[in-house]
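# Chain and residue survey
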Amino acid sequence: MADARAAKVEVFRDYFGLQLTFAETLAARRGLSLSEAVRGFTNLHRRLGLGDVSDALHGPEWRRYAEGLERQPDRAARLDWTMEVLAAAPDEPPQPDKVRFGCFSYDPPEVGTVRIHFNNHDSQDGAGPLARRKIEARRSELTRMLAHLRRTAPEAETLSGASWLYHLEAYRRLFPAAYIASAREAGEVGLTGTSSWGQFLTHTGAVRDDLRQAFLGRMADLDPQAPWLAFPLRPLRVSSPLSAFYDHFGLS
Ligand SMILES: CC(C)(COP(=O)(O)OP(=O)(O)OC[C@H]1O[C@@H](n2cnc3c(N)ncnc32)[C@H](O)[C@@H]1OP(=O)(O)O)[C@@H](O)C(=O)NCCC(=O)NCCS
């Protein structure tokens, strides 16, 4: 069991290495400790199963990881320590109020708006979840998710998203035109989730080398007050009335 978890996280070694490198640069520029930069500007707090950064700012599990990180002599040792702690961490707890249909999920409506998310839950056959031959599978998930939403939250009026994924034609083609046409670059972008970091991953968990090089090439000019600008693909915010989705997916 522990070995299975270790193998599962090991696939993401380069991904976490990239995040640690970024945190190092930011720590130096902002005058933070490394662990403060990791907590505030990478998704490690969540990947360690500790939830949103604000949930457990000084929890004992985080403190143990943070203190260990500060003690390591160099970058390689810091990554080894991080992988060791990740391997021993519990799986991320399911968020009870999140509703998931395959790769898509949504948060419960807030003031009439529902926010959707995408994660890779379909690549065990070797093909990524956005492959052309999986378009119907993804549309079917969206259709079932929207039917559920309409039934259980008829008061919801708007669907929104914010992600680097809206740059990809392979993702955009899944949605109604009105929703995609609303895409606008997000202002300030938080970096403790996947809406920016996800772009570095392929469906196997490897890091895309071209994007890594582009990103690292920007570290010398990193703006410490707007570090999200260093990411090659900046999240786009999208939103449209749910009625456009109900029409598009034949649910009206
Ligand atoms: C989304 C994800 C599965 C894409 O990985 P992948 O290996 O490219 O997966 P797929 O093969 O399904 O991608 C298919 C398409 O997207 C394109 N693509 C994916 N990432 C890209 C990137 N960073 N830049 C340009 N194109 C990209 C591929 O070229 C391909 O396009 P094509 O079919 O038109 O040739 C992977 O990045 C991931 O799991 N990320 C984490 C989840 C995430 O970021 N969620 C967003 C949370 S807000």
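Basis of the calculations
- Residues numbered from 1 in each chain as written.
- Predicted model: local features only at pLDDT ≥ 70, side-chain atom pairs only at ≥ 80, totals over all residues.
- Heavy atoms only, no water.
- Helix = DSSP H or I, 4+ residues; strand = E, 2+ residues; numbered from the N terminus.
- Rg over C-alpha atoms; globule rule 2.2 N^0.38 Å.
- Buried < 20%, exposed > 50% of the residue type's maximum accessible area, 1.4 Å probe, protein only.
- Contact = heavy atoms within 4.5 Å.
- Lys, Arg positive; Asp, Glu negative; His and termini not counted.
- Charge placed at Lys NZ, Arg CZ, Asp CG, Glu CD.
- Phe/Tyr/Trp six-rings, centres within 6.5 Å; stacked < 30°, edge-to-face > 60°.
- Pairing = 2+ DSSP bridges.
- Near = heavy atom within 4 Å.
- Polar contact = N/O pair within 3.5 Å; in protein donor to acceptor, adjacent residues only side chain to side chain.
- Areas by Shrake-Rupley, 256 points an atom, 1.4 Å probe, with all protein chains shown as cover.
- Nonpolar A, V, L, I, M, F, W, Y, C, P; charged D, E, K, R; others polar.
- Domains from an automatic or database assignment.
- Axes fitted to C-alpha atoms, helices over the stretch in contact; angles between N-to-C directions.
- Left-handed = near helix turned anticlockwise from the far one by under 90°.
- Parallel < 35°, antiparallel > 145°, perpendicular 65-115°, else oblique.
- Buried area = accessible area lost by both parts, 1.4 Å probe.
- Salt bridge = Lys/Arg side-chain N within 4 Å of Asp/Glu carboxyl O.

## Points about the overall build of the protein
- Helix and strand counts for the protein come out as 11 helices and 6 strands.
- Relative to the 2.2 N^0.38 estimate, which gives 18 Å for 252 residues, the radius of gyration of the protein is 19 Å and therefore close to what a compact globule would have.
- Along the first, second and third principal axes, the C-alpha set of the protein runs to 60 × 45 × 35 Å.
- For the protein, with 252 residues in total, the buried portion stands at 46%.
- Put simply, of all contacts in the protein between residues at least 6 apart along the chain, 69% involve residues at least 24 apart.
- Considering the protein, the positive charge centre built from 32 side chains and the negative charge centre built from 32 side chains are found 4 Å apart.

## With respect to the packing of aromatic side chains
- The tally for this structure, following the rule as stated, stands at 25 aromatic pairs.
- Centre to centre, the rings of Phe12 and Tyr15 are 6.3 Å apart; their planes meet at 55 degrees, and the pair counts as tilted.
- What makes Tyr15 buried here is its relative accessible area of 3%.
- Look at Phe118 and Tyr171: their rings are 5.2 Å apart centre to centre, the planes differ by 70 degrees, and that puts the pair in the edge-to-face class. Pair noted here: Phe118 is in strand β3 (residues 113-118) and Tyr171 is in helix α8 (residues 169-172), with a separation of 53 residues, a long-range link.
- Judged by its relative accessible area of 2%, Tyr171 is buried.

## Comments concerning the sheet that holds strand β2 (residues 104-106)
- Judged by pairing direction, the sheet is mixed, and its 6 strands sit side by side in the order β1-β2-β3-β4-β6-β5 without closing on themselves. Edge positions in the open sheet fall to β1 (99-101) and β5 (184-185), since each of these has one partner strand only.
- Where β1 lies against β2, 3 bridges are found, and the strand directions are antiparallel. Across the sheet, Arg100 pairs through a bridge with Ser105, a residue of β2.

## Focus on the site of the ligand
- Around the ligand lies a shell of 22 residues, among which Leu130, Trp164, Leu201, His203 and Arg208 are the nearest.
- Contact between the ligand and Trp164: an oxygen atom at 2.8 Å from a side-chain N or O atom of the residue.
- Expressed as a share of its isolated accessible area of 940 Å², the protein-covered part of the ligand is 75%.
- Here the shell around the ligand is built from residues that sort into 11 nonpolar, 10 polar and 1 charged.
- Shared between two domains, the shell around the ligand holds at least three residues of each, these being domain 1 (2-93 + 188-230) and domain 2 (99-186 + 236-248).

## Comments concerning the pairing of strand β6 (residues 236-241)
- Both strand β4 (residues 158-163) and β6 contribute to a ladder of 6 bridges, which runs antiparallel. Residue Ser163 lies in a different strand from β6, and its bridge partner there is Leu236.
- Strand direction decides the pairing type here: β5 and β6, joined by 2 bridges, are antiparallel. Bridge pairing links Glu185 to Leu236 in β6.

## Brief notes about the packing of helix α2 (residues 13-30) against helix α3 (residues 34-41)
- Contact geometry for α2 and α3: axes closest at 8 Å, N-to-C directions at 115 degrees. Considering how the two elements wind past one another, α2 and α3 form a crossing that is right-handed. Between α2, through Leu20, Phe22, Ala23, Glu24, Leu26, Ala27 and Arg30, and α3, the contact on the second element is made entirely by Leu34, Ala37, Val38 and Phe41.
- Within the contact of α2 with α3, the residues separate by chemical class into 9 nonpolar, no polar and 2 charged.

## What about the packing of α2 against helix α6 (residues 75-88)?
- Close contact between α2 and α6 brings their axes to 10 Å; oriented N to C, the two are set at 125 degrees. With respect to α6, the element α2 is oriented oblique. As α2 runs across α6, the sense of the crossing is right-handed. Facing α2, whose interface residues are Arg13, Phe16, Gly17, Leu20, Thr21 and Glu24, α6 presents Arg75, Arg78, Leu79, Asp80, Thr82, Met83 and Leu86.

## Some details on the domain arrangement of the protein
- Here the protein is described as being made up of domain 1 (2-93 + 188-230) and domain 2 (99-186 + 236-248).
- Each of domain 1 and domain 2 was reduced to a C-alpha centroid, and the two centroids are 27 Å apart.
- Across the contact, 8 residues belong to domain 1 and 11 residues belong to domain 2.
- In total, about 630 Å² of surface goes out of reach between domain 1 and domain 2, with carbon and sulfur atoms giving 53% of it.
- It is Ser195, Gln199 and His203 in domain 1 that bury the most area against domain 2; as a group they hold 65% of the surface buried on that side.
- Linking domain 1 with domain 2 are 0 salt bridges.
- Across the contact surface, domain 1 and domain 2 share 3 residue pairs in polar contact (both at pLDDT 80 or more).
- Tallied by class, the residues present in the side of domain 1 that touches domain 2 amount to 1 nonpolar, 6 polar and 1 charged.

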